[in-house]
Amino acid sequence: AQNVTVDEIMTAYKQACQKLNCKQIPKLLKQIQEFKDLGPRIDCLDLKGEKLDYKACEALEEIFKRVQFKIVDLEQTSLDEDGASALFDMIEYYESATHLNISFNKHIGTRGWQAAAHMMRKTNCLQYLDARNTPLLDHSAPFVARALRISSSLVVLHLENASLSGRPLMLLATALKMNMNLRELYLADNKLNGLQDSAQLGNLLKFNCYIQILDLRNNHILDSGLAYICEGLNEQRKGLVTLVLWNNQLTHTGMAYLGMTLPHTQSLETLNLGHNPIGNEGVRNLKNGLIGNRSVLRLGLASTKLTCEGAVAVAEFIAESPRLLRLDLRENEIKTGGLMALSLALKVNHSLLRLDLDREPKKESVKSFIETQKALLAEIQNGCKRNFILAKEKEEKEQKLQQSASMPEISVTEPLEEGPAEDSQDGKTKDLSGRPKIPDSADGAAAPQPLLSREEPKDRPPPLHIAGESPGPATSLASTPSQGNERRISVSSPGRGHKIFVVTRVETLPDRAADATRLREDADAALKRAEPQSPAPDAKPELAAPQANGAVPETAAGSDPERGDPSDCESAAHDTPLPNGLKTDFVRALPEASLDGDGKTGSCATEHELSCSKNERELEELLLEASQDAGQELL
């Protein structure tokens, strides 16, 4: 209802009770008075323990027609068939709840379940249904099965102690093979047997890869039933995350089946085998399967009749596991020897965060062993604490990395500061491909270039990673001056490396001035369009303008001690002046990737090609195209 008030709800409910001649529920009146925001769903309508006959249920319609709830709790409300069917019809019609608890109502009967099934099928908002201790018998099960088969919106279904063994389970399991929405299925305390019932469950797991939690505690699955379930698990590549087999009379025989299945399960993270007489032999059967498994994070072995021998087998698994987070070994006879093995295993394990053991030491024939047990228990707890701290630090580090990885950005880098010649040479030393090398100094003081610095100011992204470390294709850095000025444009993208585009200018030989004037004007026009408007730095001392005859000064070639002996190719490039007055530094710094798609790279072969005098006209055209391509990329 629109614009409803608390007083209106209260009045309508009281009038309905008078009309139907039934008692008002004080607990309900108190809750209505406490309703605040009536717009969205109210958190809870709690009627747990109140006796609801048919008339009391009819009166509730005045509330359901005016407000909606997240949780409607009808646990132990003594619902009969009439009351239950009336309530479920209301909840379906008004979409009153996303979570509904009808547990401990033993007398809702066939008509009640029929209305509940209709509600499950028709209501798009109902995600959670708790029907613990509400018997679902043979004549009621088909309605619920049909509702589950027609892809209801239910995500969580609790049917503990609902007398499901036999035909009801067969109908449910068959229907759930086609259901793609249910994620959690709780079937504890249903006396499920190790033959027909387990075969149905195994079949369900073969065909349904959407159920993530299957709780089968306190049934009679036995080793024979576990074999069926393991068959189903073998078929799953994704799906079941949690399997609870607590108290199902499983022995070492069943553990052999499970041990063979575990290396093939890829999604199972929690396996609870507590309160089964597995024994030391069972854990040995399980050990190799656990070591071969790549998904289990939590393992429950409480009260499984283990002694020191079994603890040693568990310790071998702990030592081998890089992912186990929690292990429960309470209520077992693990004494000094077993604790010693567990303590040693924790010294090499860095993942286990919680290892549950009995707090009190076990009785030993030698009294001094009691103290040893206490010391070992303390060591084990300290190992878990150490792992917890390490995991926390790792998580924080990963969060920082995720925060620092921003969307792809394009930015103009800050001007490079001019430094002393020797510092500049150290900071700008290049190999043949033009990749900057890291200076030898530990603090990086000899490198005035901020481009190689890992510690960048937070107001702008780091413009360049070192080419060797870059995960994607890194474009080499070109360092040719243009009238003492130079601008760099950084394109950075997380996980794809960084590209640096450098705006350059090409000088020409004096005797070809007529042809080169046109080339220079075209290049300048392209670059002016491309250049961002930001102050340009002074050129580096070693990057002085080329001499008039096109020869490169000796300082530009440099005899850097860090570089070692130059190769033949490099020395040939240094000795031979290039046409068009192009500096050899530019050739060495050409990007490895093709600029114009013709396969021209900044390699040794390119230097020889550029130094060949008979192709000068072709060279001019190449340079013009390169300038224009660079301008387009910058724009």
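- Naming follows an unreviewed UniProt entry, where the protein appears as Protein phosphatase 1 regulatory subunit 37 of Smutsornis africanus.
- Comment text from UniProt for the protein, heading Sequence similarities (unreviewed entry), reads "Belongs to the PPP1R37 family."

As for the pattern of salt bridges
Next, step 1: Following the criterion strictly, the structure yields 20 salt bridges and no others.
Next, step 2: A salt bridge links E231 to K206; the shortest N-O distance between them is 3.7 Å. You can see E231 sitting in helix α10 (residues 222–235) and its partner K206 sitting in helix α9 (residues 196–207), a full 25 residues away along the chain.
Next, step 3: Assessed through its relative accessible area of 35%, K206 is described here as partly exposed.
Next, step 4: Its salt-bridge partner being E379, residue K347 comes within 3.7 Å of it at the nearest N-O pair.

Here we look at the side chain of D223
Next, step 1: Inspection of the secondary structure puts D223 in helix α10.
Next, step 2: Although buried, D223 forms no salt bridge, and the nearest oppositely charged side chain, K305, lies 14 Å from it.
Next, step 3: Other than its neighbours up to four places away in sequence, D223 contacts Q249, L250, T251, T253, G254 and Y257.

As for the sheet that holds strand β6 (residues 184–186)
What holds strands together in a sheet is hydrogen bonding between their backbones, with the strands either parallel or antiparallel.
Next, step 1: Strands sit in the order β1-β2-β3-β4-β5-β6-β7-β8-β9-β10-β11-β12 across an open sheet of 12 strands; the sheet is parallel. The open sheet is flanked by β1 (42–46) and β12 (354–356), the only strands paired with a single partner. Strand-to-strand, the axes of this sheet are offset by a mean angle of 5°, without reference to chain direction.
Next, step 2: Summarising the sheet, strand β9 (residues 270–272) and strand β10 (residues 298–300) pair through three bridges and their orientation is parallel. The residue of β10 that forms the bridge with N272 is G300.

Quick notes on helix α12 (residues 279–292)
Next, step 1: Spanning 14 residues, α12 covers 21 Å between terminal C-alpha atoms, matching the ideal 20 Å at 1.5 Å per step.
Next, step 2: Taken as a whole, α12 carries its principal kink of about 30° at L286.
Next, step 3: Within the sequence span of α12, burial applies to G279, N280, G282, V283, L286, K287, G289 and L290.
Next, step 4: Turning to α12, the residues buried within the fold contact α11 (252–261), β10 and α13 (308–320).

Observations concerning the packing of helix α5 (residues 81–94) against helix α6 (residues 109–122)
Next, step 1: At their nearest, the axes of α5 and α6 sit 7 Å apart, and the two run at 10° to each other. Comparing their axes, α6 and α5 come out roughly parallel. In contact with E81, D82, A84, S85, F88, D89, I91 and E92 of α5, α6 contributes G109, T110, R111, G112, A115, A116, H118, M119 and K122.
Next, step 2: Classifying every residue of the contact of α5 with α6 by side-chain character gives six nonpolar, five polar and six charged.

Conventions used here
Residues numbered from 1 in each chain as written. Predicted model: local features only at pLDDT ≥ 70, side-chain atom pairs only at ≥ 80, totals over all residues. Heavy atoms only, no water. UniProt positions renumbered as here; feature names shortened; annotations may be inferred. Salt bridge = Lys/Arg side-chain N within 4 Å of Asp/Glu carboxyl O. Helix = DSSP H or I, 4+ residues; strand = E, 2+ residues; numbered from the N terminus. Buried < 20%, exposed > 50% of the residue type's maximum accessible area, 1.4 Å probe, protein only. Lys, Arg positive; Asp, Glu negative; His and termini not counted. Contact = heavy atoms within 4.5 Å. Pairing = 2+ DSSP bridges. Axes fitted to C-alpha atoms, helices over the stretch in contact; angles between N-to-C directions. Expected span 1.5 Å × (residues − 1). Bend = angle between axes of the 7 residues up to and from the residue. Parallel < 35°, antiparallel > 145°, perpendicular 65-115°, else oblique. Nonpolar A, V, L, I, M, F, W, Y, C, P; charged D, E, K, R; others polar.

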